[in-house]
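# Fold and geometry: a report
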Amino acid sequence: MKFCRYGVTGFEKPGVIDAEGSLRDLSSIIADFTPDQVRLSKLSPLQSLNINQLPIVESAQRFGIPVSGIGKIIAVGLNYADHAAESNLPVPPEPIFFTKAITSLTGPNDDVMKPRDATKMDWEVELGVIIGKTCRYVEEVDALSHVAGYTLVNDISERAFQKERGTQWVKGKGCDTFCPAGPYLVTPDEVGDVQNLDMFLNVNNQRMQTGNTKTMIFSVAQCISYISRFITLQPGDLLITGTPPGVGEGKKPNSMYLNVGDVMHLGISTLGEQQQKVSAFNLATQEIIE
C-alpha cells in the first residue's frame with residue numbers, strides 16, 4: 001500500500017492511495033503517521049482495511065513528509081560503484097554513513113532553499129527506508145523484516161560545505177530543506193524486489209541521473225545490519241541508501257551546480273516522483289522567497 005500525509009505544512013492528515021491512484025482520507029482510522037504508528041505491529045493491520053470505503057480527497061493536495069516526528073536520519077555515502085568513480089574516490093570496504101539534521105526534512109514538492117554562501121549545491125536521488133521495528137545487532141538475513149516501507153528522497157548536498165570547509169559531510173548535507181522525502185511510504189509487498197528499482201533525476205528537464213538499485217555496493221539489508229551494530233535504528237527512523245552516478249559534481253568536462261530557479265524532478269519505480277524548485281533565502285524575514 002501507499003500511505004502518505006497530505007495538507008498544509010504542520011496540519012497534515014494521514015492518507016492512502018487506492019488502486020486507481022486516488023487519495024483517500026485515513027483520519028477516521030488514525031490520527032497521523034508517527035514513529036509509533038509505523039511500528040510493524042500497528043502498520044500491518046492497516047493493510048487489511050477496505051480502503052474503498054474511505055472518503056476520496058477530491059481537491060489537489062500538498063504531500064508532506066511520510067512520517068511525522070522522524071527520530072533520526074542516517075545516510076549511506078558512496079554506495080554505488082559508478083558514483084564513487086565519478087567522485088574520484090575508491091569503493092569503500094565497509095559502508096560509509098553519516099547523519100542529516102532533522103531540520104533538513106521537507107515535503108517532496110516543497111521548495112529547496114539555497115543556503116547563504118552556497119556555491120556548489122548538488123542533487124542526489126536516493127532510496128529511503130523507513131524503519132518499522134527496532135534494529136540492534138540485526139543479522140543481514142533478518143534485516144528487511146524490520147522495514148515498515150520505502151520512500152523517495154533527494155539527498156541535497158552543498159559540496160563546498162562538505163569537502164572544502166573541514167571535510168565534514170554533515171556540514172554539507174544537513175542544511176534546511178536538504179532532505180525532501182515522500183510522497184509515499186510504500187509497504188514492502190508493493191515494492192517487490194528492493195534491489196531492482198529504476199531511478200532517475202532531471203534538472204530543468206535535462207536527464208542527470210539514471211540508475212537502478214541493483215548496482216548498490218551494499219544492499220539495503222547489508223546497510224541496515226551494518227548500521228545496527230553501531231547505532232540503534234528505531235521505528236520511524238529514515239535510512240537513505242546512496243545515489244547512482246550523474247550528480248552535478250561529477251559532470252564532465254565541468255561540474256554543474258544548482259542555482260535559484262532551477263527545478264529538480266526525480267523518481268524511483270513504485271515509489272512515486274518529486275519536484276522541487278530551488279529558492280533563495282531572505283535573511284531579513286527568515287522565509288523562503290521566489
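Everything numeric in this text was worked out from a predicted model, so none of it was measured.

With the rule as written, the count across this model stands at 1 cavity of 30 Å³ or more. Forming the boundary of the largest cavity are 18 residues, of which Leu78, His83, Glu124, Trp169 and Lys173 lie nearest the centre. Contributing elements (two or more residues each) for the lining of the largest cavity: strand S4 (73–77), helix H4 (159–163) and helix H5 (169–173). It is H4 that contributes the most residues to the lining of the largest cavity, 3 residues altogether. Among the residues forming the lining of the largest cavity, the class breakdown is 5 nonpolar, 6 polar and 7 charged.

Now for the layout of surface pockets. In this model, the largest pocket occupies a volume close to 210 Å³. Surrounding the largest pocket, Arg5, Thr9, Gly10, Glu12, Arg62, Gly64, Ile65, Ser68, Leu105, Thr106, Gly107 and Asp110 form its lining. Among the residues making up the lining of the largest pocket, the classes are represented as 2 nonpolar, 6 polar and 4 charged.

Most of helix H7 (residues 220–227) sits inside the fold, with 7 of its 8 residues counted as buried. All of the buried residues along H7 are Val220, Ala221, Cys223, Ile224, Ser225, Tyr226 and Ile227. Packing partners of the buried residues in H7 comprise S4, strand S5 (96–100), strand S9 (125–131), helix H3 (140–143), strand S10 (147–154) and strand S16 (238–240).

Looking now at the packing of aromatic side chains. Tallied over the full model, the rule gives 5 aromatic pairs. Ring plane angle 80° and centroid distance 5.7 Å describe the contact between Phe63 and Tyr184, whose orientation is recorded as edge-to-face. Of this pair, Phe63 sits in the loop between helix H1 (40–46) and S4 while Tyr184 sits in the loop between strand S12 (179–180) and strand S13 (185–186), and the two are 121 residues apart along the sequence. Each member of the pair, Phe63 together with Tyr184, is buried. Linked through ring pairs, Phe97, Tyr226 and Phe230 together constitute an aromatic cluster.

Our focus in this paragraph is unusual backbone geometry. Most peptide bonds are trans, and most residues other than glycine sit at a negative phi. Of the consecutive residues Gly182 and Pro183, the connecting peptide bond is found in the cis state with omega at 15°. The residue after Lys252, namely Pro253, is reached through a cis peptide bond having omega 5°. Looking at where Pro253 falls in the secondary structure, it is placed in the loop between S16 and strand S17 (263–268). The backbone phi angle of Thr177 is positive, close to 70°, even though this residue is not glycine. Following the sequence through the fold, Thr177 ends up in the loop between H5 and S12. Phi angles above zero are rare outside glycine, and Asn205 is one such case at about 70°. Among the structural elements, Asn205 can be located in the loop between strand S14 (198–203) and strand S15 (206–212). Classification of Asn205 as exposed rests on a relative accessible area of 80%.

All right, on to the nonpolar core then. Residues Leu127, Tyr150, Ile224 and Met264 are the most contacted members of the largest nonpolar core, which totals 51 residues. When residues of this core are traced back to their parent elements, those giving at least two are strand S1 (2–6), S4, S9, S10, S14, H7 and S17. Per-element accounting of this core gives the leading share, 5 residues, to H7. In this structure, Tyr150 is in contact with Leu127, Gly128, Val129, Leu144, Tyr184, Leu185, Val186, Pro188, Val191, Val194, Val220 and Leu271, ignoring residues within four places of it in sequence. Membership of the second largest hydrophobic core comes to 26 residues, among which are Met1, Leu46, Ala75 and Leu105.

A regular strand carries its side chains on alternate faces of the sheet. Sheet analysis places S14 next to S15, joined by 6 bridges and oriented antiparallel. Its bridge partner lying in S15, Asp198 is registered against Asn212. The turn linking S14 back onto S15 is made up of 2 residues, and Asn204 within it adopts a positive phi angle of 50°.

The next point concerns the pattern of salt bridges. Counted under the stated rule, the structure contains 18 salt bridges. For Glu190, the salt bridge is made with Lys2, and the minimal N-O distance between the two is 2.7 Å. Taken together, the residues Glu190 in helix H6 (residues 188–191) and Lys2 in strand S1 connect sequence positions 188 residues apart. By relative accessible area, Glu190 is classed as partly exposed at 35%. Where Arg39 meets Asp36, a salt bridge forms, and the shortest distance between an N and an O atom there is 3.1 Å. What makes Asp36 partly exposed here is its relative accessible area of 34%.

Each value, and the rule that gives it
Residues numbered from 1 in each chain as written. Predicted model: local features only at pLDDT ≥ 70, side-chain atom pairs only at ≥ 80, totals over all residues. Heavy atoms only, no water. 1 Å grid on protein atoms, 1.4 Å probe; cavity = no way out; pocket = protein on both sides within 12 Å on 5 of 7 lines; lining within 4 Å. Points joined across faces, edges and corners; volume = space filled by probe spheres on them. Helix = DSSP H or I, 4+ residues; strand = E, 2+ residues; numbered from the N terminus. Nonpolar A, V, L, I, M, F, W, Y, C, P; charged D, E, K, R; others polar. Buried < 20%, exposed > 50% of the residue type's maximum accessible area, 1.4 Å probe, protein only. Contact = heavy atoms within 4.5 Å. Phe/Tyr/Trp six-rings, centres within 6.5 Å; stacked < 30°, edge-to-face > 60°. Core = buried A, V, L, I, M, F, W, Y, C linked by side-chain atoms within 4.5 Å. Pairing = 2+ DSSP bridges. Salt bridge = Lys/Arg side-chain N within 4 Å of Asp/Glu carboxyl O.

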